[in-house]
Every structure is written in C-alpha cells, then in structure tokens.
Amino acid sequence: MAKPMFARRLSKELKDLAMNPPAGVDIIDANDFKVWKLGLAGAPGTLYEGEKFQLEFSFGPNYPLESPQVIFVGDNVPIHPHIYSNGHICLDVLYNHWSPVQTVASICLSLQSMLSSCTSKERPPDNATYVKTAKANPKHTSWAFHDDTV
C-alpha cells in the first residue's frame, strides 16, 4: 500500500532536515508523522543570540495542503511582540498565508527571521488576556495581522 501524501512529504522533509538543516535548526524528536520537536537557536548578532528554543510541529493528515500547528514549547519561550507566553505564534504564514510549497525548514527560517528583526524583547500587549482565553490549538484563533515591523 502506498504511503499517504502527507507521509511521503514528511519523509522527504525529515531526510532533507537531517542531511542539510538550516543554520540554528536541529531535530530533537521526529519519530512519527504526527508531532516533531525541533531546536531553534537565536541567530548571531541578534537579541536572541546564544538562546535556544524548542518548537513543536503537529501535522494533520491534510499536510501540506493545510499548515501544521506550530508552537514554542519548553521552559524558554521567546519574549517577542508576536509570541505569547503560552508559545502561540502570531505569524501569517502559519495561518491565512500558508502555502503547500512551504516546509518545516522554511517555517523555521521565517521564525528565525522574525526573531532576528526584533528590536525589543517584550510580550504582545494582550498577552495576559489571550493566554487566559486561547484554545490549545492556535489555528483556532482569529488572528489580526497588522504589524510586520518586528
């Protein structure tokens, strides 16, 4: 029996990540096609230089036609104007600007770019309210994308 499309795609992406990972990205756990944990290092010369973060990617059976759920997990969630303290990330490519040509590696690069362009470590202004009321899956949030300067 042939593998489903998402399994073939994730097999290829995992092989590519293992053989040629983007700078600052490493595989922590990717033993199945449901949930992967990746390490993401802050880029040199940025506010996050020397910091290490963990990302959790959760894939549904419609990946890559539908985006994965991506959140920061662990004890060190980046302090950033677009990252909530519960690990949820306000980044349009994870939601309404998702395209099946994007990959796990390209998402990691987008997140590194977002972190690298940050000029001030601070939480989103509505962090406390959002964290109290947010659903577990950030894909169930109605995001308002209005600030691409950080």
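Report follows, based on the coordinates. All residue numbers refer to position in the chain's written sequence, counted from 1. Where local features are concerned, this predicted model is filtered to residues with pLDDT of at least 70; where side-chain atom pairs are given and counted, the filter is 80 or more; whole-chain, interface and lining totals use all residues. Only hydrogens and water are set aside; all other atoms, that is, all heavy atoms of the structure, feed into the side-chain values.

### As for the pairing of strand E3 (residues 52-58)
- Of the pairings in the sheet, the one linking strand E2 (residues 35-41) to E3 comprises seven bridges and is antiparallel in character. Across the sheet, residue Val-35 finds its bridge partner in E3, namely Ser-58.
- Here, strands pair whenever DSSP counts at least two bridges between them. Helix and strand labels come from DSSP, where a helix needs a run of H or I of at least four residues and a strand needs a run of E of at least two; each type is numbered from the N terminus. Where E3 and strand E4 (residues 69-73) come together, five bridges link them in antiparallel fashion. In the sheet register, Glu-56 faces E4, and the bridge partner there is Ile-71.

### Let's talk about the environment of Ser-11
- Mapped onto the elements of the fold, Ser-11 is located in helix H1 (residues 5-19).
- For Ser-11, a relative accessible area of 22% corresponds to the partly exposed category.
- In this structure the C-alpha to C-alpha distance between Ser-11 and Thr-46, which are 35 residues apart in sequence, comes to 32 Å.
- Aside from chain neighbours lying at most four places away, what touches Ser-11 is Lys-3 and Phe-33.
- Residues adjacent in sequence count toward polar contacts only when both atoms are side-chain atoms; beyond that, a polar contact is any pair of N or O atoms within 3.5 Å, and within protein one must be able to donate a hydrogen and the other to accept it. One polar contact links the side chain of Ser-11 to the main-chain carbonyl oxygen of Ala-7, over a distance of 2.8 Å. Note on exposure labels: buried denotes an accessible area under 20% of the residue type's maximum, exposed denotes more than 50%, and partly exposed covers the range between, all computed with a 1.4 Å probe on protein chains only. The contact criterion used throughout is that any non-hydrogen atoms of two residues lie within 4.5 Å.

### With respect to the pattern of salt bridges
- A pairing counts as a salt bridge when a side-chain nitrogen of Lys or Arg comes within 4 Å of a carboxyl oxygen of Asp or Glu. Summed over the entire model, instances satisfying the criterion amount to four salt bridges.
- For Arg-9, the salt bridge is made with Glu-13, and the minimal N-O distance between the two is 2.6 Å. Separated by four residues within a single helix, Arg-9 and Glu-13 lie in helix H1, roughly one turn from each other.
- Linking Glu-51 and Lys-121 is a salt bridge whose minimum nitrogen-to-oxygen distance equals 2.3 Å. Here Glu-51 is found in the loop between E2 and E3, whereas its partner Lys-121 is found in the loop between helix H2 (104-116) and helix H3 (127-133), with 70 residues between them in sequence.

### Thoughts on unusual backbone geometry
- A cis geometry characterises the amide bond from Tyr-63 onward to Pro-64, with omega recorded as 5°.
- Structurally, Pro-64 can be placed in the loop between E3 and E4.

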